[in-house]
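# Descriptive analysis of the structure
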Amino acid sequence: MKKLSIFLAGLLTVCLTGCASVQTSAFAGSYWLENYSNKTAPDGFYEKIEYEVKTETETNYAPALIKSGNIKFEIDSAKSSYYTELYTENGNYVYQTSLTVNGTYYYGANGEKSYKVENDTTVTKTVFKDFENKFKVISSTKEASNIFPVYSSPSSEKDFKKVAYKSVIEYGEKNATVTLTTDDPISKEYFSTLSKPVTVKKYNKKEKGYIDNEIIPLIFRTFKYDSSLSYTFKSIENVTGSLKQVVGKAVDLNTSTPSSESASQSPIFPMTVNNCSLNGVRFDVEFDVLGVSFQTTGEYGQTFLTAYYETARKNVDLKTKHFMVKGYQPMIYNCAYMVYTIHTVYNQRETA
């Protein structure tokens, strides 16, 4: 189990811990649709969003990083990418994501040593129902090949590991089954304690709320945006099968901390993205955005993503709404933020 714990610390995924809380918001619509009040999944709908990926260690848009150890990471943005796809199929929604990371870890007393990361990939596919069915998840698949340092202060290249795995969650009415597989010998050693499928019972109690781990940022496009936004839900960790609790809540600009429900100042503010294409023309786009902080709850709760969602944009006609304009995800040992900035939006599939 020790090796598995080390692995989990290295993944660029949500790590969940639980505690009780109260939600004050509810799903308001499918804001990726032109007619967001449509409660079904319309045939032919398609949306693809491409993001630029970089790393930052300091920012005013997310909590200050409390670093552990002497390691840092610098991404090769030209060779890294992240995109999301949302479309309809057989009356359901399908959401796919793809993250490819290339870059370098620097370590040692003065950062004099380095370890190159090449083609670190994470691909997901989640099938879920429409607004009328409260976006209930049917299945969720994640395939990853991740490279990470085992320790926060590595001393040599031997302290870096690569693991590859596939996780599948099948959802029933009451129970969910998590199956983890790998063909890689090193990965099999790490996952030796998870050789059998895990059954998660009563994962979706009506009074609690549930969102699949891989579509958390997407589902938060379905709320009305103001300072009172707060939604607490359960989610299954897709490696161990643990059922834990998370809260997504509006944040205050400058502090990037959850906004109080009685806040009088609007948390919506302007954010300009340079060289952005929303309708086939590339130019500098000024958005109005709302920040949402995603936090695990409990004694050791942490912010695992700070996302800024579109509430309006100037001089741009676009069918889709409430997409993530910018996102900040802390990396392993808080060595940097992985930063995603919107670059291109497509509302129809690209043709060859």
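Our subject is the structure that appears above.
Here we summarise the structure given alongside this text. This structure is a prediction, so every number in the text was calculated from the model and none was measured. One numbering rule holds for all chains: residues counted from 1, following each sequence as written. Since the coordinates come from a predicted model, pLDDT governs what is reported: local features require at least 70, and pairs of side-chain atoms require 80 or more to be given and counted, while whole-chain, interface and lining totals use all residues. Side-chain metrics in this entry use all non-hydrogen atoms of the structure; hydrogen atoms and water are not considered.

## Notes on the overall build of the protein
Scanning the protein from terminus to terminus reveals three helices and 16 strands. With a 1.4 Å probe rolled over the protein chains alone, any residue whose accessible area is under 20% of its type maximum counts as buried; one over 50% counts as exposed, and the rest are partly exposed. Burial analysis of the protein (352 residues in total) assigns 51% to the buried set. Counting contacts in the protein only where the partners sit at least 6 residues apart, residues at least 24 apart contribute 62% of the total. Every helix listed is a DSSP run of H or I at least four residues long, and every strand listed is a run of E at least two residues long, numbered separately from the N terminus. The criterion used for residue contact is that any of the two residues' heavy atoms lie within 4.5 Å.

## A word on the environment of Leu33
Structurally, Leu33 can be placed in the loop between helix 1 (2-10) and strand 1 (46-56). Look at Leu33 and you get buried, because its relative accessible area is 5%. Along the primary structure Leu33 and Phe45 are separated by twelve residues, whereas in three dimensions their C-alpha atoms are 8.0 Å apart. The contacts of Leu33, once residues within four sequence positions are left out, are Asn38, Thr40, Pro42, Phe45, Tyr93, Lys319 and Lys321.

## Thoughts on the nonpolar core
As used here, the term nonpolar core means buried Ala, Val, Leu, Ile, Met, Phe, Trp, Tyr and Cys residues forming a set that is joined through side-chain atoms within 4.5 Å. Within the largest apolar cluster, 86 residues are counted, with the highest numbers of intra-cluster contacts made by Phe128, Phe220, Leu278, Phe287 and Ile342. Those residues in contact with Phe128 that sit more than four places away from it in its chain are Leu86, Asn92, Tyr93, Tyr95, Phe135, Lys136, Val137, Ile138, Ile215, Leu218 and Ile219.

## Looking at the pairing of strand 11 (residues 243-250)
Any two strands between which DSSP finds at least two bridges are classified as paired. Direction of pairing for strand 10 (residues 230-236) relative to strand 11: antiparallel, over a ladder of seven bridges. In the sheet register, Lys234 faces strand 11, and the bridge partner there is Gln245. Taking the residues that link successive antiparallel strands as the turn, the strand 10-strand 11 hairpin has six residues, and the phi of Gly241 there is positive, at about 80°. As judged from the five bridges shared by strand 11 and strand 13 (residues 282-296), these two strands associate in the antiparallel manner. When the sheet's bridge partners are listed, Val246 is paired in strand 13 with Thr296.

## Things to note about the packing of aromatic side chains
Between rings of Phe, Tyr and Trp, where Trp is taken as its six-membered ring, a pair exists when centres lie within 6.5 Å; planes separated by under 30 degrees are stacked, by over 60 edge-to-face, and by other angles tilted. In total, this model carries 34 aromatic pairs according to the counting rule given. Between Phe45 and Tyr93, the ring centres sit 6.4 Å apart and the planes meet at 85°, which makes this aromatic pair edge-to-face. Note that Phe45 is positioned in the loop between helix 1 and strand 1 and Tyr93 in strand 4 (residues 92-107), a separation of 48 residues in sequence. According to the relative accessible area criterion, Tyr93 is buried, its value standing at 0%. Taking the centre distance of 5.6 Å and the plane angle of 40° together, the rings of Tyr51 and Tyr82 count as tilted. With Tyr51 in strand 1 and Tyr82 in strand 3 (residues 81-89), the pair connects residues that are 31 residues apart, well separated along the chain. Its relative accessible area of 7% is what places Tyr51 among the buried residues. Look at NZ for Lys and CZ for Arg. If either is within 6 Å of the ring centre and within 35 degrees of the ring normal, a charge sits over the ring. The ring of Phe131 carries the charged tip of Lys39 above its face, separated from the ring centre by 5.8 Å. A cation over a ring is seen here: Lys48 above Tyr83, with NZ or CZ 4.6 Å from the ring centre.

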